[in-house]
Amino acid sequence: MNISATNASDVSNSRRVKDKVAVITGAGSGIGRAAALLLAQHGAKVCLLDLNNNRSESVEQQVKQFGGESLFVDTDVSDPERVQQAIQSIINRFGRVDIVFANAGINGTLSPIEDLTAEAWDHTLTTNLKGTFLTVKYTIPHMKQNGGSIIITSSINGSRKFSGVGMSAYSTSKAGQIAFAKMAALELARYKIRVNVICPGAIQTNINENTQSTPQLEKIKIPVNYPEGSQPLEHGPGQPEQVADLVLFLASPESSHISGTEIFIDGVESLL
Ligand code: NAI
């Protein structure tokens, strides 16, 4: 969907997230940005949590342009105090949380396991997995009364795909998110809070800025080469806007009986 070309009033009633308060982590770029814009376009009040102020400001500007409401909070999702404070400032402004998109993440350091430093391992796990836990933990108290939807961005790596050599920390964090989401779905069902996980394949974003390949990677590379490309459906990476459509569906009551499941969005890349 072309976000800028569509008038907010045309679509705001088409799906039911109107006036819902949505918390989106990693909202300044890529998948988080596209989801924030789409949710706002459909009438949600979007709370943008990210480290990157400049990019998030531009998301805020766009939300404003189509008459939406947003709040940016400079947050490191791996820091419990900052996440707690961010959620509190959202409550101070909007008084509730209905939708949580725990999406912030990094590829981190790609390295053979024997060369991967404990610090690099921790950085990836802390950002991706602990960050997800903290985002969910601090929003639950504000969702218990009215219910809501939590969506977590995992990956095909760590679930269906294990050929991303050097991505042991990343894949472990992404596998952990799926287990965490299932535990949370069962635990939170009593509050009518649904929890689902999305597993994208390659999506065109800025994630490579958060990827450090070590020279030692060469020694563990496994040559996997599909002569006709590795994305059979569209012959190229997906776009963040395509993932945003899935997030909107999972955020809305149209998915009211779906909880505790992972959904792959990869153009069948992970089945090759
Ligand atoms: P991106 O790099 O374009 O966006 C990620 C955003 O998260 C950035 O704005 C960054 O500043 C923010 N972020 C990073 N660390 C943070 C922290 N500690 N606290 C707060 N914000 C932080 O990347 P993309 O692709 O949009 O990534 C979003 C999610 O999608 C990640 O969890 C990633 O693992 C996942 N994913 C991405 C795929 C891809 O091919 N792009 C494939 C599968 C999963």
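Refer to the structure above for everything that follows.
## Quick notes on the sheet that holds strand β4 (residues 99-102)
Strands sit in the order β3-β2-β1-β4-β6-β7-β9 across an open sheet of 7 strands; the sheet is parallel. Both edges of this open sheet fall to β3 (70-74) and β9 (262-265), since each of them pairs with a single strand only. The mean inter-strand angle of the sheet, taken between neighbouring strand axes irrespective of direction, is 15°. The pairing of strand β1 (residues 21-25) with β4 spans 3 bridges and is classified as parallel. Within the sheet, the bridge partner assigned to V23 lies in β4 and is V100. Its contacts with the sheet place helix α4 (residues 80-94) against β1, β2 (45-50) and β3, and it is angled at close to 160° to β3.

## Details of the side chain of Q177
Tracing the sequence through the fold places Q177 in helix α6 (residues 168-188). Taking the relative accessible area as the measure of exposure, Q177 reaches 0% and is therefore buried. If sequence neighbours within four positions are ignored, Q177 has contacts with N128, L129, T132, I152, T153, S154 and V197.

## Let's talk about the site of the ligand
Around the ligand there are 28 residues in total, and S29, D50, Y170, I203 and T205 lie nearest to it. The side chain of Y170 places a nitrogen or oxygen atom 2.7 Å from an oxygen atom of the ligand. For the shell around the ligand, the secondary structure elements donating two or more residues are α2 (30-41) and α6. The class makeup of the residues in the shell around the ligand is 10 nonpolar, 15 polar and 3 charged.

## Points about the nonpolar core
Ranked by internal contacts, the top residues of the largest apolar core, which has 32 residues, are I24, L39, V46, F101, I151 and I198. Of all the secondary structure elements, the ones that give two or more residues to this core are β1, α2, β2, α3 (53-65), β4 and α7 (240-251). The dominant element in this core, judged by the number of residues it contributes, is α2, at 8 residues. The residues touching V46, leaving out its near neighbours within four places in the chain, are A22, I24, A36, L39, A40, V63, E69, S70 and L71. In this structure, L49, V97, V100 and M143 belong to the second largest nonpolar core, which totals 31 residues.

The rules behind the values
Residues take numbers from 1 onward in each chain, read along the sequence in its written order. Given that the model is predicted, a residue must reach a pLDDT of at least 70 before its local features are reported, and side-chain atom pairs must reach 80 or more before they are shown or counted; all residues, however, enter totals for whole chains, interfaces and linings. Water and hydrogen atoms play no part in the side-chain values, which are based on all heavy atoms of the structure. For two strands to be treated as a pair, DSSP must find at least two bridges joining them. Strands are runs of DSSP state E lasting at least two residues, helices are runs of H or I lasting at least four, and both sets are numbered from the N terminus onward. Working convention: axes come from line fits to C-alpha atoms, limited for helices to the stretch in contact. Angles between N-to-C directions cover 0 to 180 degrees. Residue contacts follow a heavy-atom distance rule, with two residues in contact if any of their heavy atoms lie within 4.5 Å. Each residue's exposure class comes from its accessible area (1.4 Å probe, protein chains only) as a fraction of the maximum for that residue type: buried when under 20%, exposed when over 50%, partly exposed otherwise. Working definition: residue near molecule or strand if any one of its non-hydrogen atoms lies within 4 Å of it. Any pair of nitrogen or oxygen atoms within 3.5 Å is treated as a polar contact; in protein, a donor-acceptor pairing is required on top of that, and neighbouring residues in sequence qualify only through side-chain atoms on both sides. When residues are sorted by character, Ala, Val, Leu, Ile, Met, Phe, Trp, Tyr, Cys and Pro go into the nonpolar class, Asp, Glu, Lys and Arg into the charged class, and all the rest, Gly among them, into the polar class. Within this scheme, the nonpolar core is defined by two criteria: the residues are buried Ala, Val, Leu, Ile, Met, Phe, Trp, Tyr or Cys, and they are joined through side-chain atoms within 4.5 Å.

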